[in-house]
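These are the residues of each chain, in order.
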Amino acid sequence: MAEIRFRIDGKEIVAKQGETIRSAAMRANIEIPALCGNGIVSRTTSCFVCVVKDVKTGRFLPSCSACPSEGQMIESDTDEVREMRRTALGLLLSEHTGDCEAPCTLACPAHARVEEYVRLGRQGKFEEALKVIKEKIPLPMSIGRVCPRFCEKDCRKNVTGEAVSINDFKRLAADLYYEKYMEEIPADTGKKVAVVGGGPAGLSAAYYLRLKGHSVTVFEQNPEAGGFLRYGIPEFRLPKAVLKRELEHFVKMGILFRCGMKLGRDFTLDSLKKEFDGVIVAVGCWKPSSMRIEGEDLALQGIHFLKGIAEKNWQNLDNPGKTIVVGGGNTAMDCARTALRCGGKVTIVYRRTEKEMPAEKAELAEAREEGVEFEFLTAPLRLREENRKKFLLCQRMTLGAPDASGRRSPVPVEGSDFEIEADTVIAAIGQKTSAPEGVVPDKRGNVAVSKDLSCGEMIFAAGDCVSGPATVVEGVAAGHKAADALAAALEGRKTEEPFFFNVSRGHWRSLAKEDLVFLRGDQVSDAPRVKPDFISLEERKSSFTELFPTIPAEKMMKEGERCIECSCTAKGDCKLKKYAEAYKTAPDMFQGAKSPCTVDNRHPLIIHDRKKCIRCGICVKTCAEVINKHILSAMKRGFATVVRTAFDEGLPSYCADCGECVKECPTGALDWKNKK
């Protein structure tokens, strides 16, 4: 058989007569992407993702069907060729509809594989679920109690009812198996790392650096590690015995803790650099924000109030009497509920309405149930003291236009001033960073960092000291990112933010029930959301006992049956996603009307999601040419083309014994329903 010699990117290639450019290239280990060409069926030339350029003619050729000619010069990886492929991918994506990843996973700041651990929980595999959780959440017992549940706010179950109680899967899996579970620690790399700050971000950084085999020492200024988990979150929300169990696990991993060691007093960044190969600064955000009113020095600062209570281990506490808490965030709620448990009569003063309060709605509802009172649209003006009593002068407000944060700005109501008498006033209106010596602060006073979170030579920073006050799970995510950056630097390489790609059917607020895809059909439960069994209200008001015990496994397995499972069944092997990420193609590169296709869910094992179909024809040809069946066909023409069965009767049951079309589909339009 005659041979054809040609060149691809300067490399001489020998092709057989009738062989395509792509086939010859692949034999020479030159990868050319393709969605519609698999070498098994006849040539299709429908996706044009495999284009290459003929240098002599300047033409772009589909390499999956074009055959080479003697002496031909082909370019397969120039910027121009890559842009042509990117354009082809963008056009395919313009009418591709689906969910690459579940909304719950995308909403999680740590990007934990939420859908996967909920599925394992539904199956009763809580130890396996914990393993999945700890990929991204090194503090599952704590976060399982205090997380604001970003995942649940984006849960598609909100379309038909209440969100799945996702966070309780995390809490249960950790409570059941935390002592038993142990990570595999690789061999020691010989590298030593110092982490300054034992709060969520610092603990997370230490955890992930240890998992890479580095020796880690955590420096903490307080007598015990935990940061805000230990000294800011009240005992009734996070029992410190639980936190202690988590921290003991860090010690088992070989992480060292040096408590009572303060940066700037007991050591400096320069001294750490002499002893360690890298440093992560995670000092938190402990400087109270000012109320900017006369006499505010007469008020207790919220974070100092909570820390003082924690240092007494929630025992032998003074009654604060009639207490005013100024603020509307989670710290204000914690202060109010703590003061109430100390015997106080508590009122929260907030300058906007309840709707604008940044505090979690569940926290607000629980505080109100416990007896905390609220003065909304009320702003403090001045604080004075007389005969050991405090008097907070306030002014009524009304809401005006939205401010920079998007919330409506409070506007004073003229002549509405009034005073509130109190024994204790607590200011809980926010925190700021006190940037330590040795780092450069940004304009907000936070630690200034570069894109890779570095703030000096082999010094990185993470958590609240970089971002300002955030949640525990956001701190954990930041610590993980800083750990990865420092680990890369220790290996002499730079980190690069990966291109983020995700196709979505849309936020649940824009969807109706008929827009949802139920892989498990009528197995998806419509039962009410599981509820925890709170301790009695009287005990809540008079003690620091945890609000409720962990929900039992049987109930959580039932709760797992409510999960719709929204992510794409093919997210791990979708070629369209793979190449879109490789060529940095945004799903909305081209926008326009999408074909009004439907999802065929009638087959018990196979889903035919026509909204994901790119009309490559692989399934049709595989069925016809490989299996010698003609079950699938391309119906209609042009934009309205759709692949389906004759008379749209759906896939026959015996297709489950074959599955070749599923195997060859590049996008998950045809796929097995069962997610492993």
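Residues numbered from 1 in each chain as written. Predicted model: local features only at pLDDT ≥ 70, side-chain atom pairs only at ≥ 80, totals over all residues. Heavy atoms only, no water.

Chemist: What is the right way to read the overall build of the protein from this model?
Modeler: If you tally the helices and strands in the protein, you get 22 helices and 27 strands. The buried share of the protein, taken over its 676 residues, is 53%. In the protein, the share of contacts with a sequence separation of at least 24, taken over all contacts with a separation of at least 6, comes to 69%. Accessible area for the protein stands at about 30900 Å²; split by element, carbon and sulfur atoms hold 50% of it. Each charge class in the protein can be summarised by its mean position, and for the 102 positive and 95 negative side chains these summaries are 3 Å apart. (Helix = DSSP H or I, 4+ residues; strand = E, 2+ residues; numbered from the N terminus. Buried < 20%, exposed > 50% of the residue type's maximum accessible area, 1.4 Å probe, protein only. Contact = heavy atoms within 4.5 Å. Areas by Shrake-Rupley, 256 points an atom, 1.4 Å probe, with all protein chains shown as cover. Lys, Arg positive; Asp, Glu negative; His and termini not counted. Charge placed at Lys NZ, Arg CZ, Asp CG, Glu CD.)

Chemist: Sorry if this is basic, but what is going on with the packing of aromatic side chains here?
Modeler: Taken as a whole and assessed by the stated rule, the structure comprises eight aromatic pairs. Centroid distance Tyr 207 to Phe 250: 5.9 Å. Interplanar angle 55°. Geometry classified as tilted. With a gap of 43 residues between them, Tyr 207 in helix 9 (residues 200-210) and Phe 250 in helix 11 (residues 240-252) connect regions that are remote in the sequence. Residue Tyr 207 is classed as buried on the basis of its relative accessible area of 1%. Here the aromatic rings of Phe 236 and Phe 544 are separated by 6.3 Å at their centres, their planes lie at 35°, and the arrangement is tilted. Taken together, the residues span a long stretch of sequence, with Phe 236 in the loop between helix 10 (228-231) and helix 11 and Phe 544 in the loop between helix 18 (537-542) and helix 19 (553-560) at a distance of 308 residues. Residue classification places Phe 236 among the buried positions, given a relative accessible area of 0%. (Phe/Tyr/Trp six-rings, centres within 6.5 Å; stacked < 30°, edge-to-face > 60°.)

Chemist: Looking at this model, I keep getting lost on the pattern of salt bridges. Mind explaining?
Modeler: For the structure shown, the criterion picks out 64 salt bridges. We note a salt bridge from Glu 116 to Lys 571, for which the minimum N-O separation is 2.7 Å. Here the residue Glu 116 occupies a position in helix 4 (residues 114-122), and Lys 571 occupies one in the loop between helix 19 and helix 20 (575-582), the gap between them amounting to 455 residues. Among the residues examined, Glu 116 registers a relative accessible area of 10% and is labelled buried. As a salt-bridge pair, Glu 546 and Arg 145 come within 2.8 Å of each other at their nearest N and O atoms. Remark: Arg 145 occurs in helix 6 (residues 140-146) and Glu 546 occurs in the loop between helix 18 and helix 19; sequence separation between them is 401 residues. (Salt bridge = Lys/Arg side-chain N within 4 Å of Asp/Glu carboxyl O.)

Chemist: Please explain helix 14 (residues 330-341) as it appears in this structure.
Modeler: Three or four residues apart is the spacing at which side chains of an α-helix point the same way, because the helix has 3.6 residues per turn. Counted at 1.5 Å a residue, the expected span for helix 14 with its 12 residues is 16 Å, and the 17 Å between its end C-alpha atoms agrees. Those residues of helix 14 not exposed but buried are Thr 331, Ala 332, Met 333, Asp 334, Cys 335, Ala 336, Arg 337, Thr 338, Ala 339, Leu 340 and Arg 341. Gly 343 sits one or two positions beyond helix 14 and adopts a positive phi of about 105°. (Expected span 1.5 Å × (residues − 1).)

Chemist: What exactly am I supposed to notice about a nonpolar patch on the surface here?
Modeler: A contiguous nonpolar patch, built from Ile 40, Val 626 and Ile 627 and spanning about 220 Å² of accessible area, is present on the exposed surface. Note on placement: Val 626 falls in helix 21 (residues 618-626). (Patch = residues over 30% accessible without salt bridge, like charges linked within 9 Å, V, L, I, M, F, W, Y side chains within 5 Å.)

Chemist: Can you walk me through the sheet that holds strand 4 (residues 60-62) in this structure?
Modeler: Picture the strands of a sheet paired through backbone hydrogen bonds; they go either parallel or antiparallel. What the five strands build is an open sheet, ordered 2-1-5-3-4; its pairing is mixed. Each of the sheet's edge strands pairs with one partner strand only, and the pair in question is strand 2 (11-16) and strand 4. Neighbouring strand axes in the sheet, compared pairwise and without regard to direction, differ in orientation by 40° on average. Sheet topology note: the strand 1 (residues 3-8)/strand 2 ladder contains six bridges and is antiparallel. Bridge pairing in strand 2 places Phe 6 opposite Ile 13. Where helix 2 (residues 79-93) meets the sheet, its contacts fall on strand 3 (51-54), strand 4 and strand 5 (73-75), and the angle it forms with strand 3 comes to roughly 145°. (Pairing = 2+ DSSP bridges. Axes fitted to C-alpha atoms, helices over the stretch in contact; angles between N-to-C directions.)

Chemist: What should I look at first to understand the domain arrangement of the protein in this one?
Modeler: Assigned domains of the protein: these are domain 1 (3-77), domain 2 (103-181 + 517-560), domain 3 (192-286 + 433-490), domain 4 (289-430) and domain 5 (591-672). Taking only C-alpha atoms, the centre of domain 1 and the centre of domain 2 are 51 Å apart. (Domains from an automatic or database assignment.)

Chemist: Explain the packing of helix 4 against helix 5 (residues 126-133) here, please?
Modeler: When two helices pack together, their arrangement is given by the angle between the helix axes and by the axis-to-axis distance. Close contact between helix 4 and helix 5 brings their axes to 8 Å; oriented N to C, the two are set at 170°. One finds that helix 4 runs roughly antiparallel with respect to helix 5. Contacts between helix 4 and helix 5 pair Glu 116, Tyr 117, Leu 120 and Gly 121 from the former with Phe 126, Glu 128, Ala 129, Val 132 and Ile 133 from the latter. Residue composition of the contact of helix 4 with helix 5, grouped by class: six nonpolar, one polar and two charged. (Parallel < 35°, antiparallel > 145°, perpendicular 65-115°, else oblique. Nonpolar A, V, L, I, M, F, W, Y, C, P; charged D, E, K, R; others polar.)

Chemist: Where do I start with the nonpolar core in this structure?
Modeler: Side chains of nonpolar character tend, in soluble globular proteins, to be buried together. Of all hydrophobic cores here, the largest spans 75 residues; its most connected members are Val 114, Tyr 117, Ile 143, Ile 166, Leu 209, Leu 229 and Ile 280. Among the elements that take part in this core, helix 17 (residues 472-490) stands out by supplying 10 residues, more than any other. Two domains share this core, each providing at least three of its residues, namely domain 2 (103-181 + 517-560) and domain 3 (192-286 + 433-490). Sequence-distant contacts of Leu 209, that is, excluding residues within four places in its chain, are made with Val 193, His 214, Val 216, Ile 280, Ala 483, Leu 486 and Ala 487. With 37 residues, the next largest nonpolar core counts Phe 6, Ile 8, Val 41 and Leu 576 among its residues. (Core = buried A, V, L, I, M, F, W, Y, C linked by side-chain atoms within 4.5 Å.)

Chemist: Can you help me understand the pairing of strand 1 in this one?
Modeler: When a strand is regular, its side chains alternate between the sheet's two faces. Of the two faces of strand 1, only one is covered, namely that formed by Ile 4, Phe 6 and Ile 8; the face formed by Glu 3, Arg 5 and Arg 7 stays uncovered. A loop of two residues connects strand 1 with strand 2, the two strands running antiparallel in sequence, and Asp 9 in this loop sits at a positive phi of about 55°. The sheet contact formed by strand 1 and strand 5 spans two bridges and is parallel. Bridge pairing links Arg 7 to Met 73 in strand 5.

Chemist: I keep staring at the packing of helix 2 against helix 20 and nothing clicks. Help me out?
Modeler: With their axes 10 Å apart at the nearest point, helix 2 and helix 20 run at an angle of 135° to one another. Looking at the two axes, helix 2 sits oblique to helix 20. Note that helix 2 runs across helix 20; the crossing there is left-handed. Of the residues in helix 20, those in contact with Arg 82, Leu 89, Leu 92 and Leu 93 of helix 2 are Leu 576, Tyr 579, Ala 580 and Ala 582. (Left-handed = near helix turned anticlockwise from the far one by under 90°.)

Chemist: Whenever I open this one, helix 2 confuses me. Can you help?
Modeler: Under the 1.5 Å per step criterion, the end-to-end length of helix 2 is 21 Å for 15 residues, consistent within 8% with the ideal 21 Å. Residues of helix 2 that are buried: Val 81, Arg 85, Ala 88, Leu 89, Gly 90, Leu 92 and Leu 93. Next to the buried residues of helix 2 lie strand 3, strand 4, strand 5 and helix 20.

Chemist: Which parts of the structure should I look at to understand the sheet that holds strand 8 (residues 256-259)?
Modeler: Reading across from one edge, 8-7-6-9-22-21 is the order of the six strands in this open sheet, with mixed pairing throughout. Of all the strands in the sheet, just strand 8 and strand 21 (454-456) have a single pairing partner and so form its edges. Neighbour to neighbour, the strand axes of the sheet diverge by 25° on average, direction disregarded. The sheet strands contacting helix 9 are strand 6 (192-196), strand 7 (215-220), strand 8 and strand 9 (278-281), and the helix crosses strand 7 at an angle near 170°.

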